[in-house]
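If you want the building blocks of each chain, they are given just below.
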Amino acid sequence: MNFLSINEFVQGATQSYLDPGSGSMILQLILGAVLGLGVVVRLFWKNIKNFFTRGKAKFEEDLDPTAVMETVTENASEESLQQKQ
Amino acid sequence: MFKHEGKLYRQVNQKFSKEYDLLMGSGLYEQLSKSKTLVAHKEVDLQLAPIPEIAYRVIEPEVVDFISYPYEWCFNQLQDAAVLTLAIARRALEFGMSLKDASAYNIQFQNGRPVFIDTLSFEKYEEGMPWVAYKQFCQHFLAPLALMAKKDIRLAQMMRLHIDGIPLDLASALLPASTKLNFGLATHIHIHAQSQKRYADKEVSQEQVKARMSKTAMVGLLDSLLSTVRGLYVKTIQTEWTDYYQDNNYTKESFEAKRQLVKSYIEKTNPKRVWDLGGNTGEFSRAASDLGIPTVCFDIDPGAVQQNYDLVKKNKEKFMLPLRMDLTNPSPDLGWHNAERESMQARGPVDLVMALALIHHLAISNNVPLVDVADYFADLGEYLIIEFVPKSDSQVKRLLASRLDIFPDYTLEGFRQAFEHHYLLIDETPIDACERTVFLMKRK
């Protein structure tokens, strides 16, 4: 039984077997700068808000896998309830 | 990866000792395996290694009940797999690691939820380097999701053709122009496709890109991909199938009687694995999965599969896996040497196959001779619970409404004779109030 991709046969040490694509790399450099700026701005405003509401400062982005999956689950139940109507 | 005495193992080579140690030592493995988002493993005797000269560790990962592929998933399953991949990539950064690849085949479904199975996909994060798997993520996840959501749900099947992900120029050409107004899709698909084309012949060395993408930029990229993926949405479509249970010959009583009957047949056969063919939203598959038996519910309609999956998540079910499958053209062996992805059949056989309210779709709509149906089902599993739907049934009448009746042998007796070629007919029970009969059979 062989259900594994040929891609499992990894080659170089630090170099990934994947061809990342020159175009993809370059796009990331441009995009990354723009999007990174967005992250900084958002964090800045979050800190300002937290400072004023004196709430517990949450510096971490909510990308905890379990939390994300819980949200996805909640959305799913909302969606399916909506459709039944 | 290799098998030894029926168990599945993976050899970790010396080359990846640093990455492996970092994964285990940094705390990332512990956090991910605890939250059941990464498949857990245990380290076993190094002596088992098939290539001992370069072996560093041998690990035994937890087994997945049933291997499935992205082209068999409904939209929500693929979306959850995408979200999980990004969440893991994001979390890995906090531990100084990044994902080497973002293939949709790194995700499997276990206990009703997606789980990342490629333990060796983690490498040390070098701040400054762009994400090497960005293109792969866009091709494996974002492109098919966008096509399914913005163009046609049936484009999921393109993943069967393009097992390395849908080429971005193709996705860009197929997507409606309105997607260019969506920031995420415009950048990660359309502009991305243009960028690939423009730099296709040009080499970009590591030195050129190194130290050009900060961690914040990386976070921004992952965030952007996440919100783009989450912004896509497929409404559960009203097809001929989603109202199936309202619109047929069953009264409430006969429906319940059928459910009890199926349950008793399941308990009689005591299967370890069950496949429900044409199971729609899993109404009867649950007779098995509710008993804690790992059950795969196949259906041709992506809307029904999605409804089923939504239920699995809502009720936190652990033993149900809904998948999209066309039984007249099921998943074949794919990839290099036709050996990278297994056909549906090769992932069986199972102990029990259920085929309720299905036979008329195969025999009449698709002209498959009853003997051939029996032959195929016998290859899929040992026991069979099957419902014969006669011509007097309103559903069959509808199928025959606009065509010539060329099915002289499609009768209860004809059905019995056809199936007796391959099966022992153990029991049969007519369902009162409608004229259907449910059989329990065992293959010869």
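Residues numbered from 1 in each chain as written. Chains lettered and ligands numbered in written order. Predicted model: local features only at pLDDT ≥ 70, side-chain atom pairs only at ≥ 80, totals over all residues.

1. Brief notes about the overall build of chain B
Along chain B, the regular secondary structure elements total 16 helices and 15 strands. Whereas a compact globule of 444 residues would reach a radius of gyration of roughly 22 Å, chain B reaches 24 Å, a difference of no more than 12%. Overall size of chain B, expressed as C-alpha extent along the three principal axes, is 75 × 55 × 40 Å. Residues classed as buried in chain B amount to 46% of the 444 residues present. When contacts within chain B are restricted to residue pairs at least 6 apart in sequence, long-range pairs at least 24 apart make up 71% of them. (Helix = DSSP H or I, 4+ residues; strand = E, 2+ residues; numbered from the N terminus. Rg over C-alpha atoms; globule rule 2.2 N^0.38 Å. Buried ≥ 20, exposed ≤ 12 C-beta atoms within 10 Å, placed from the backbone. Contact = placed C-beta atoms within 7 Å.)

2. Quick look at the overall build of chain A
Within chain A one finds two helices and zero strands. Among the 85 residues that make up chain A, the fraction classed as buried is 22%.

3. A short note on the sheet that holds strand S13 (residues 381–388) of chain B
Residue and element names in this part refer to chain B. Spatially, the seven strands line up as an open sheet ordered S11-S10-S9-S12-S13-S15-S14, and their pairing is mixed. Sheet topology places strand S11 (320–324) and strand S14 (423–430) at the edges, where each strand pairs with a single neighbour. When the angles between neighbouring strand axes are averaged without regard to direction, this sheet yields 20°. Packed onto the sheet, helix H14 (residues 370–380) meets strand S9 (274–277), strand S12 (350–355), S13, S14 and strand S15 (437–443) and runs at close to 145° relative to S12. (Pairing = 2+ DSSP bridges. Axes fitted to C-alpha atoms, helices over the stretch in contact; angles between N-to-C directions.)

4. Digging into the pairing of S15 of chain B
All names here are of chain B. Bridge count for S13 against S15 is six bridges, and the pairing is antiparallel. Among the inter-strand pairings, Ile386 is bridged to a residue of S15, identified as Phe439. Where S14 meets S15, seven bridges bridge the pair, whose relative direction is antiparallel. Opposite Leu425, over in S15, you have Met441 as the bridge partner. Between S14 and S15, which pair antiparallel and follow one another directly, the connecting turn spans six residues, one of which, Ala433, has a positive phi of 80°.

5. Re unusual backbone geometry
All names here are of chain B. With an omega dihedral of -10°, the bond running from Gly348 to Pro349 counts as a cis peptide bond. With respect to the element layout, Pro349 can be found in the loop between S11 and S12. We note that Asn280 has phi near 55°; this positive angle belongs to a residue other than glycine. Examined against the element boundaries, Asn280 turns out to sit in the loop between S9 and helix H11 (286–289).

6. Things to note about the nonpolar core
All names here are of chain B. Leu142, Leu145, Ala146, Ile189 and Ala355 are the most contacted members of the largest nonpolar core, which has 132 residues in total. Counting residues domain by domain, this core receives three or more from each of domain 1 (69–230) and domain 2 (244–443). Residues contacting Leu142, with those up to four places away along its chain left out, are Phe137, His188, Ile189, Leu225, Thr228 and Val229. (Core = buried A, V, L, I, M, F, W, Y, C linked by C-beta atoms within 7 Å. Domains from an automatic or database assignment.)

7. Focus: helix H1 (residues 22–53) of chain A
In an α-helix, one full turn covers 3.6 residues, which means residues spaced three or four apart are oriented alike. Residues and elements named next belong to chain A. In a regular helix each residue adds 1.5 Å, so 32 residues correspond to 46 Å; H1 covers 46 Å between its end C-alpha atoms and thus fits that length. Residue Gly32 marks the point of greatest curvature in H1, where the axis turns by about 30°. Three or more residues of H1 are buried, namely Ser22, Gly23, Ser24, Met25, Ile26, Leu27, Gln28, Leu31, Gly32, Leu35, Gly36 and Val39. (Expected span 1.5 Å × (residues − 1). Bend = angle between axes of the 7 residues up to and from the residue.)

8. Quick word on the packing of helix H3 (residues 75–94) of chain B against helix H9 (residues 215–230) of chain B
Residues and elements named next belong to chain B. Contact geometry of H3 with H9 gives a least axis separation of 10 Å together with a crossing angle of 165°. Taken together, the axes of H3 and H9 are roughly antiparallel relative to one another. Regarding H3 and H9, the two cross each other, and that crossing is left-handed. Between H3 and H9, the residues in contact are Gln79, Ala82, Val83, Leu86, Ala89, Arg90 and Leu93 and Lys215, Met218, Val219, Leu222, Leu225, Leu226, Val229 and Arg230, respectively. Partitioned by chemical class, the residues of the contact of H3 with H9 number eleven nonpolar, one polar and three charged. (Parallel < 35°, antiparallel > 145°, perpendicular 65-115°, else oblique. Left-handed = near helix turned anticlockwise from the far one by under 90°. Nonpolar A, V, L, I, M, F, W, Y, C, P; charged D, E, K, R; others polar.)

9. Section: the sheet that holds strand S4 (residues 55–61) of chain B
Residue and element names in this part refer to chain B. Across the sheet, four strands lie side by side as S1-S2-S4-S3; this open sheet has antiparallel pairing. The open sheet terminates on both sides in strands that have one partner only, identified here as strand S1 (2–4) and strand S3 (41–44). Recorded for the sheet is a direction-independent mean angle of 40° between the axes of neighbouring strands.

10. Comments concerning the pairing of S13 of chain B
Along any regular strand the residues' side chains alternate between the sheet's two faces. Residue and element names in this part refer to chain B. Taken across its eight residues, S13 has seven buried, putting it largely inside the fold. Bridge count between S12 and S13: five bridges; the pairing is parallel. When the bridges of S13 are listed, Val353 appears paired with Leu384.

11. Things to note about the domain arrangement of chain B
Residue and element names in this part refer to chain B. According to the domain assignment, chain B consists of domain 1 (69–230) and domain 2 (244–443). On a C-alpha basis, the centres of domain 1 and domain 2 stand 36 Å from each other. Tallying the contact residues gives 14 residues for domain 1 and 19 residues for domain 2. Per-element accounting of the side of domain 1 that touches domain 2 gives the leading share, three residues, to H3. Among the residues forming the side of domain 1 that touches domain 2, the class breakdown is eight nonpolar, four polar and two charged.

12. Describing the environment of Ser227 of chain B
Of note, Ser227 of chain B is situated in helix H9. Here the alpha-carbon distance between Ser227 of chain B and Asp333 of chain B, two residues 106 residues apart in the chain, equals 34 Å.

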